[in-house]
There are 2 protein chains.
Amino acid sequence: MVSLKDISVRCGVSVATVSKALNGHKDVSEATRERLVRTAREMGYFPNAQARALKTNRTYNLGVMFLDEAGRGLTHEFFAKVLNSFKTEAELAGYDITFISNKDIGGRRMSTYEHCKYRSVDGIVIACTDFTAPDVFEVINGDIPVVTIDHIFDCRTAVVSNNESGMEKLLNYAADCGHTKIAYIQGKRSAVAEKRLAGFYKACVNRGIEVRSEWLPVGDYCNPDITYQLTKKLLKGKDVPTCIFMPDDYAAIGGLNAIKDLGLSVPEDVSIIGYDGIAYSQLLNPRLTTYSQDTPVIGATAAKQLISLIENPQTTFTEVITVDGQFLEGGSVKKL
Amino acid sequence: MVSLKDISVRCGVSVATVSKALNGHKDVSEATRERLVRTAREMGYFPNAQARALKTNRTYNLGVMFLDEAGRGLTHEFFAKVLNSFKTEAELAGYDITFISNKDIGGRRMSTYEHCKYRSVDGIVIACTDFTAPDVFEVINGDIPVVTIDHIFDCRTAVVSNNESGMEKLLNYAADCGHTKIAYIQGKRSAVAEKRLAGFYKACVNRGIEVRSEWLPVGDYCNPDITYQLTKKLLKGKDVPTCIFMPDDYAAIGGLNAIKDLGLSVPEDVSIIGYDGIAYSQLLNPRLTTYSQDTPVIGATAAKQLISLIENPQTTFTEVITVDGQFLEGGSVKKL
DNA sequence: TTTATTAACGGAAACGTTTGAAAAACTATG
DNA sequence: CATAGTTTTTCAAACGTTTCCGTTAATAAA
């Protein structure tokens, strides 16, 4: 690899001058700057990221903290999409992405935060299902810039999907279609679940729809099996809902199968509403009525915010940015 | 951050001794070694990855090259799963994962290979749909250890899914069920597509099944729309196939919709076979008969191979490792 | 001409490691 | 007790940058 020294001897100047020229400092004449830049290019020079980081304490590396208790990891479409846009935006600004986790190094166990220190990441984005993990708190309380996705901590910037309003929009649609007997299979307790439930209640009150606690079973996100069971249970009694909200689109498949297995059909006998707007939901027949979270914006915003935090360290101001999604009208809700 | 120097002054020895003690060199007495390791732990020491890399030219970072012309990126379930297991295995060995792409740095465009040099990754795994990209060749011809997934280059280690045998198994199953009029909507031309087609032909010959060229349309992977069109076309004529092989499970959804839209049903009127064994395929009703690629093994094997290549540089021996998958019998094929 | 000002460049230390060679401290041997 | 051998420790250079400060040269002002 060609280094600054190589360029300096070739051009008969000092390495200091080369460094300054290439980094656009002002105390180098235009003529030599041009000459140095040119030969650097000719010689195929690229800075050595490690050496630079060692001096500047800036790695241009962002850590992605990604705990997923379900072990689905990147298979989780929401996270995969968010990560994808995060990555794209970060790369545009010259940052690379490294996965961070707790791991062993040199025989000693390293926490996620220690891992970040070891790799000297400039910033961390946290996206996970379990924000109560100790590793998360350690990072939150640390001194590395952090942006969280879909969870709000005091004094930390957060980018959250507008779960409350998304839920409201969906319920309003169901109400518009004439549904009043509405069930909601909730996701597992979490900040996201709270928000969605809040939106559900709020809209129900607004539309004068009675909320029945027995129609609010707690299931789990991305779990078609549990959703299958709960859907069957909901439809077993004599007084059954006409419309069921699912934890998310993926889990909804379990619900659809339950309905099919009961000899019923969607939307004729029972209406179904999902959440997420994943690709499959729009390939189902009938298309699932759902709410598409704006993953491209969520990821890109998180990246922008994180980079801004890194590059303007004085900014003690932390934001909570709410990203709206889009209602997707499918054919899974019957108009009564 | 506490450094080697901090430990050395605290213990009254030189930094060299500390370094050697912590790295388990033999030329340091057991007594001092134990003492140094203990205080290092007490002081919360972690090595500085940059400094170490600068000296040793080893970053313990693996680059993931991941070109996806379709722009689906991590949303692609096969790749997401492979990457997931790759990451897990690599982390076990103390390596981190960094995404590598072509990008701009300091105004100059950097190729993927240059990017790898810049970040000094110890090795690269290539997984992508388009292995003809110039960026791929540059990496293949470079001097960094490389493992490719699902594509074979001379002189480079490759981990490939057993596409040929997978296809054979599927066709044998269809034949066992009594099907003789079999169509295959191919994926776009690629090494993978070739292998699958080869397996298809081979099994057809074995079973004495006539291969009709008009029943071998070329579609595209992960593209339900094209698959929808081609499926309709296949089922329009007067002489139609009784069983259709889809490019993959995801694309198969397009086929299923086409069949539904024609007023037909699976498997009564037409049988369907997928490829990949993605989660959804097993949630469909009826479950899709398909071939599940062993993504956990593929990813883990790739990681192991790459790390072995890195840690035993003398090994000029390159392997091609074929990973078998598993046949999944669903309910989408009718027994005639 | 002298002095002050500015512009362009170089010297050198520093970042935190690793590592081979040299030195020092022991141990054993005759 | 000297010598050789062995074990343990330190020295010092090196990896490729960045950056503060000093130096030189050129220009402007007095």
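Rules and cut-offs
- Residues numbered from 1 in each chain as written.
- Chains lettered and ligands numbered in written order.
- Predicted model: local features only at pLDDT ≥ 70, side-chain atom pairs only at ≥ 80, totals over all residues.
- Heavy atoms only, no water.
- Helix = DSSP H or I, 4+ residues; strand = E, 2+ residues; numbered from the N terminus.
- Rg over C-alpha atoms; globule rule 2.2 N^0.38 Å.
- Buried < 20%, exposed > 50% of the residue type's maximum accessible area, 1.4 Å probe, protein only.
- Contact = heavy atoms within 4.5 Å.
- Buried area = accessible area lost by both parts, 1.4 Å probe.
- Salt bridge = Lys/Arg side-chain N within 4 Å of Asp/Glu carboxyl O.
- Polar contact = N/O pair within 3.5 Å; in protein donor to acceptor, adjacent residues only side chain to side chain.
- 1 Å grid on protein atoms, 1.4 Å probe; cavity = no way out; pocket = protein on both sides within 12 Å on 5 of 7 lines; lining within 4 Å.
- Points joined across faces, edges and corners; volume = space filled by probe spheres on them.
- Nonpolar A, V, L, I, M, F, W, Y, C, P; charged D, E, K, R; others polar.
- Pairing = 2+ DSSP bridges.
- Axes fitted to C-alpha atoms, helices over the stretch in contact; angles between N-to-C directions.
- Phe/Tyr/Trp six-rings, centres within 6.5 Å; stacked < 30°, edge-to-face > 60°.
- Lys NZ or Arg CZ within 6 Å of the ring centre and 35° of its normal.
- Near = heavy atom within 4 Å.
- Least-squares fit on C-alpha atoms with pLDDT ≥ 70 in both.

Trainee: Lay out the overall build of chain A in plain terms, naming residues and giving numbers.
Mentor: Per the secondary structure count, chain A includes 12 helices and 13 strands. Since a compact globule built from 336 residues should have a radius of gyration of about 20 Å, the 26 Å found for chain A marks it as more spread out than a globular shape. Along the longest, intermediate and shortest principal axes, the C-alpha atoms of chain A span 90 × 40 × 35 Å. Looking at chain A residue by residue over its 336 residues, the buried ones come to 57%.

Trainee: Please give an account of the interface of chain A and chain B that cites residues and values.
Mentor: Taken together, the 56 residues of chain A in the interface contact 55 residues of chain B. Across the chain A/chain B interface, buried area totals approximately 5,200 Å², and carbon plus sulfur atoms make up 58% of it. A per-residue breakdown of the area chain A buries against chain B is headed by Phe46(A), Gln50(A) and Tyr280(A), which together make up 14% of the total. In this structure, Arg119(A) engages Asp96(B) in a salt bridge whose closest nitrogen and oxygen atoms are separated by 2.6 Å. At the surface where chain A touches chain B, the tally comes to 21 residue pairs in polar contact (both at pLDDT 80 or more). Secondary-structure elements contributing two or more residues to the side of chain A that touches chain B are α4 (49-56), α5 (77-92), β2 (96-100), β3 (103-105), β4 (108-110), α6 (112-119) and α11 (249-261) of chain A.

Trainee: Describe empty space enclosed by the protein, with residues and values.
Mentor: Taken as a whole, this structure holds six cavities of 30 Å³ or more when the rule is applied. When its volume is computed, the largest cavity comes out at roughly 260 Å³. Lining the largest cavity are 26 residues, and of these Glu77(A), Tyr280(A), Thr75(B), Glu77(B) and Tyr280(B) sit closest to its centre. Secondary structure elements with two or more residues in the lining of the largest cavity: α5 of chain A together with α5 (77-92) of chain B. Residue contributions to the lining of the largest cavity peak at three residues, all from α5(B). Looking at the lining of the largest cavity residue by residue, the classes come out as 15 nonpolar, four polar and seven charged. When its volume is computed, the second largest cavity comes out at roughly 180 Å³. At the level of secondary structure, the elements contributing two or more residues to the lining of the second largest cavity comprise α4 of chain A together with α4 (49-56) of chain B. A per-class count over the lining of the second largest cavity returns five nonpolar, seven polar and two charged.

Trainee: An account of the sheet that holds strand β8 (residues 182-184) of chain B is needed here, citing residue identities and associated values.
Mentor: What holds strands together in a sheet is hydrogen bonding between their backbones, with the strands either parallel or antiparallel. All names here are of chain B. The three strands lie next to each other as β8-β9-β10, forming an open sheet whose pairing is parallel. In this open sheet, the two edge strands, each paired with only one partner strand, are β8 and β10 (271-273). The average angle at which neighbouring strand axes cross in this sheet is 20°, direction not considered. The pairing of strand β9 (residues 243-245) with β10 spans three bridges and is classified as parallel. When the sheet's bridge partners are listed, Cys243 is paired in β10 with Ser271.

Trainee: Residue-level account of the packing of aromatic side chains, with values.
Mentor: Summed over the entire model, instances satisfying the criterion amount to 24 aromatic pairs over all chains. Ring centres of Phe137(A) and Phe153(A) lie 5.9 Å apart, and the angle between their planes is 80°; on these two criteria the pair is classed as edge-to-face. Here Phe153(A) lies in the loop between β6 (146-149) and β7 (157-161) and Phe137(A) lies in helix α7 (residues 134-140), a separation of 16 residues in the sequence. Both rings, one in Tyr275(A) and one in Tyr291(A), keep their centres 5.6 Å apart while their planes meet at 40°; by these two values the pair is tilted. You can see Tyr275(A) sitting in the loop between β10 (271-273) and β11 (290-292) and its partner Tyr291(A) sitting in strand β11, a full 16 residues away along the chain. Neither residue differs from the other here; Tyr275(A) and Tyr291(A) are each classed as buried. These aromatic residues form a ring-pair network of at least three members: Tyr250(A), Tyr280(A), Tyr250(B) and Tyr280(B). Stacked on the ring of Trp215(A), the Lys or Arg Arg212(A) has its end atom at 3.9 Å from the ring centre. Here Arg58(B) stacks its cationic end above the ring of Tyr60(B), 4.4 Å away from the centre of that ring.

Trainee: Can you explain the sheet that holds strand β9 (residues 243-245) of chain A? Please cite residues and give values.
Mentor: All names here are of chain A. Read across the sheet, three strands follow the order β8-β9-β10 without closing on themselves; strand pairing throughout is parallel. Each of the sheet's edge strands pairs with one partner strand only, and the pair in question is β8 (182-184) and β10. The sheet shows a mean angle of 20° between the axes of neighbouring strands, direction not considered.

Trainee: I'd like a rundown of the protein's contact with DNA strand D, residues and numbers included.
Mentor: In the vicinity of DNA strand D there are 26 residues, among which Leu4(A), Ser19(A), Thr17(B), Lys20(B) and Asp27(B) approach most closely. In DNA strand D, the atoms that sit within 4 Å of the protein are 62% sugar and phosphate, with bases accounting for the remainder. In the environment of DNA strand D, a phosphate oxygen lies 3.4 Å from a nitrogen or oxygen atom belonging to the backbone of Asn48(A). Contributions of two or more residues to the surface near DNA strand D are made by α2 (15-22) and α4 of chain A together with α2 (15-22) and α4 of chain B. With four residues, the single largest contributor to the surface near DNA strand D is α4(A). Residues belonging to the surface near DNA strand D are distributed by class as follows: 10 nonpolar, 10 polar and six charged.

Trainee: Tell me about the relation of the copies chain A and chain B, residues and numbers included.
Mentor: For the match of chain A to chain B, the screw axis carries a shift of 0.0 Å, the RMSD comes to 0.1 Å, and the turn is 180°. Each copy turns onto its partner about a two-fold axis.

Trainee: Can you tell me about unusual backbone geometry, naming the residues and giving the values?
Mentor: Residue Val266(A) is joined to Pro267(A) through a cis peptide bond whose omega torsion reads 0°. Even without being glycine, Cys155(A) reaches a positive phi, approximately 65°. Mapped onto the secondary structure, Cys155(A) falls in the loop between β6 and β7. Overall, the relative accessible area of 64% leaves Cys155(A) in the exposed class. At Tyr60(B), a residue that is not glycine, the phi angle is positive and equals roughly 55°. Of note, Tyr60(B) is situated in the loop between α4 and β1 (61-65).

Trainee: Now, about the environment of Tyr118(B): what can you tell me, with residues and values included?
Mentor: Turning to its location among the elements, Tyr118(B) is positioned in helix α6 (residues 112-119). For the pair formed by Tyr118(B) and Ser332(B), sequence separation is 214 residues and the distance between their alpha carbons is 50 Å.

Trainee: Any details on the protein's contact with DNA strand C? Residues and values, ideally.
Mentor: Taken together, 26 residues surround DNA strand C, and among them Thr17(A), Lys20(A), Ser29(A), Leu4(B) and Ser19(B) come closest. Within 4 Å of the protein, the contacting atoms of DNA strand C are drawn from sugar and phosphate to the extent of 63%. With respect to DNA strand C, the backbone of Asn48(B) contributes an N or O atom lying 3.3 Å from a phosphate oxygen. Ala51(B) places a polar main-chain atom, nitrogen or oxygen, 3.5 Å from a base nitrogen of DNA strand C. When residues of the surface near DNA strand C are traced back to their parent elements, those giving at least two are α2 and α4 of chain A together with α2 and α4 of chain B. Broken down by element, the surface near DNA strand C gets its largest block of residues, four residues, from α4(B). Of the residues that constitute the surface near DNA strand C, the class distribution is 10 nonpolar, 10 polar and six charged.

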